[in-house]
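An overview of the molecular structure
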There are 2 protein chains.
Amino acid sequence: MKVNTRKEEIVKTAANLFKDKGFSAVTMRDLATAMGIKAASLYNHINSKQEILKIIIISLAENFTEGMQHILKSDNTSIEKLEQVVKLHVDITSKNTFEMASLNNDWMHLEEKLEYYLTLRSGYENDFRSIILEGVQRGEIRDVNVDVVLFSMLSTLRSLYLWIPKKEDLNPHELSDNLSNVLIHGINK
Amino acid sequence: MKVNTRKEEIVKTAANLFKDKGFSAVTMRDLATAMGIKAASLYNHINSKQEILKIIIISLAENFTEGMQHILKSDNTSIEKLEQVVKLHVDITSKNTFEMASLNNDWMHLEEKLEYYLTLRSGYENDFRSIILEGVQRGEIRDVNVDVVLFSMLSTLRSLYLWIPKKEDLNPHELSDNLSNVLIHGINK
DNA sequence: GTCTATAAGCGGATAGAC
DNA sequence: GTCTATCCGCTTATAGAC
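Residues numbered from 1 in each chain as written. Chains lettered and ligands numbered in written order. Predicted model: local features only at pLDDT ≥ 70, side-chain atom pairs only at ≥ 80, totals over all residues. Heavy atoms only, no water.

As annotated in an unreviewed UniProt entry, chain A carries the name TetR/AcrR family transcriptional regulator and is attributed to Winogradskyella pulchriflava.

So, in structure tokens, the structure goes:
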């Protein structure tokens, strides 16, 4: 997210705090202190703490959904599509490490938009699964348990936000290649 | 964890609630209601909310450390050791799905025992890393980026708590085999 | 082992001045 | 856009009766 307006600055600062302690453990006073203002002043820019969470999570989730639709449209091989999915996660996560923590850990605290989020999420998982399944059916992917593959890849990709900040020397392109390599080709000689 | 005493019953119930909403969002009133008693009555069995978190996380973390020490002692191949690590995670997670959520998501809310936990955690990661490194040096494992392999395996294994409850048909032994297969041999034909 | 009553402080949020 | 002052419900935890 670009930080142009004061509101965006507040959301970005909040995401940074949420990443360390989680949504529930961060108070509006914590956020205000981090911004260098008083808690009451925050409400000149945002309506509620809940609104901040909504902005962080929903825009990111829609980002992933759009990216997936684009990948599904192509007529690449299944392996190539999986490589594109890895790239999608690396790209979005590199640009939104703070926000990814909330997407992963605080989505259950969404109120108004929870159902919408869950729809996007399960749609994304189904699309991911269909790529793997297609790969097995076409004979591009070994006949392994599809759910295990989906779970393993998704777990790794969803944890990227924890790892990318610690490996700033690795650029997104390199990281994406390394990850695809390990996730798709395995480690065994 | 076996639930024999009233205290253990409270800790187990708390872990179940923490799994869904996180430590910070669960109140002592929530916990009391789930136990069918009043909040004040909880304090006849436990000293504080913090103590509950400490019990859940520290015993589990020590469990993992012990298991890892046992694996390191053997003179198996590196691939076999990695298979044992997968089995360790599947076994502990199968028996402690609620508690694993807190271990993964709420360790930062530990107070007194935070430093101790972090020592166990980084020790475990170092041991895990050394197995992979040894495998590469012995020529048992492809010459891939060691950190990427560690990250990928750990991310998957640490997310098991989210997945095992949804796949009750899969027994731990089968799951462990499937996971080792995918993580070590990859998916590419 | 559980209850009622209550302390003491923190939580999100609003009103209205500057 | 930020402030001070304030509301008031909820938080963890304790005291003491049953």
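Turning chain A through 180° and shifting it by 0.0 Å along the axis lays it on chain B, with an RMSD of 0.0 Å. The superposition of one copy onto the other is thereby described by a two-fold rotation axis. Across chain A, the rotation axis passes nearest the C-alpha of Gly186 of chain A, at a separation of 1.8 Å. Comparing interface residues between copies, 100% of those in chain A also lie at the interface in chain B; the contact surface is shared. (Least-squares fit on C-alpha atoms with pLDDT ≥ 70 in both. Contact = heavy atoms within 4.5 Å.)

Now for the packing of helix α4 (residues 49–73) of chain A against helix α5 (residues 78–95) of chain A. All names here are of chain A. At their nearest, the axes of α4 and α5 sit 10 Å apart, and the two run at 155° to each other. What the angle tells us is that α4 and α5 run roughly antiparallel. In this structure, α4 meets α5 at a crossing whose hand is right-handed. For the pair α4 and α5, contact is made by Leu60, Asn63, Phe64, Gly67, Met68, Ile71 and Leu72 and by Lys81, Gln84, Val85, Leu88, His89 and Ile92, respectively. Each residue belonging to the contact of α4 with α5 can be placed in one class, and the counts come to eight nonpolar, four polar and one charged. (Axes fitted to C-alpha atoms, helices over the stretch in contact; angles between N-to-C directions. Helix = DSSP H or I, 4+ residues; strand = E, 2+ residues; numbered from the N terminus. Parallel < 35°, antiparallel > 145°, perpendicular 65-115°, else oblique. Left-handed = near helix turned anticlockwise from the far one by under 90°. Nonpolar A, V, L, I, M, F, W, Y, C, P; charged D, E, K, R; others polar.)

So, on to a negative patch on the surface. Residue and element names in this part refer to chain A. Judged by side-chain charge, Glu80, Glu83, Glu168, Asp169, Glu174 and Asp177 come together as a negatively charged surface patch. Tracing the chain through its elements places Glu174 in helix α10 (residues 172–185). The class for Glu174 is partly exposed, based on a relative accessible area of 37%. (Patch = residues over 30% accessible without salt bridge, like charges linked within 9 Å, V, L, I, M, F, W, Y side chains within 5 Å. Areas by Shrake-Rupley, 256 points an atom, 1.4 Å probe, with all protein chains shown as cover. Salt bridge = Lys/Arg side-chain N within 4 Å of Asp/Glu carboxyl O. Lys, Arg positive; Asp, Glu negative; His and termini not counted. Charge placed at Lys NZ, Arg CZ, Asp CG, Glu CD. Buried < 20%, exposed > 50% of the residue type's maximum accessible area, 1.4 Å probe, protein only.)

This part is about the packing of helix α5 (residues 78–95) of chain B against helix α8 (residues 146–158) of chain B. All names here are of chain B. Axis separation between α5 and α8 bottoms out at 10 Å; the angle between their running directions is 25°. By the criterion of interaxial angle, the relationship of α5 to α8 is roughly parallel. Handedness of the crossing formed by α5 with α8: right-handed. Between α5, through Leu82, Val85, Val86 and His89, and α8, the contact on the second element is made entirely by Met153, Leu154 and Leu157.

Attention now goes to the interface of chain A and chain B. With 37 residues of chain A at the contact, the number on the chain B side is 37 residues. Buried area between chain A and chain B, both sides added, is near 3600 Å², and the carbon and sulfur share of it is 62%. Of all residues in chain A, the largest losses of buried area upon contact with chain B belong to Arg142, Phe151 and Ile187 of chain A, amounting jointly to 22% of the total for that side. Taken together, chain A and chain B are joined by two salt bridges. Linking Asp147 of chain B and Lys167 of chain A is a salt bridge whose minimum nitrogen-to-oxygen distance equals 2.7 Å. Scanning the region where chain A abuts chain B turns up 19 residue pairs in polar contact (both at pLDDT 80 or more). Of all the elements in the fold, those that place two or more residues in the side of chain A that touches chain B are α1 (6–21), α5, α8 (146–158), α9 (160–163) and α10 of chain A. Here the side of chain A that touches chain B is built from residues that sort into 16 nonpolar, 14 polar and seven charged. (Buried area = accessible area lost by both parts, 1.4 Å probe. Polar contact = N/O pair within 3.5 Å; in protein donor to acceptor, adjacent residues only side chain to side chain.)

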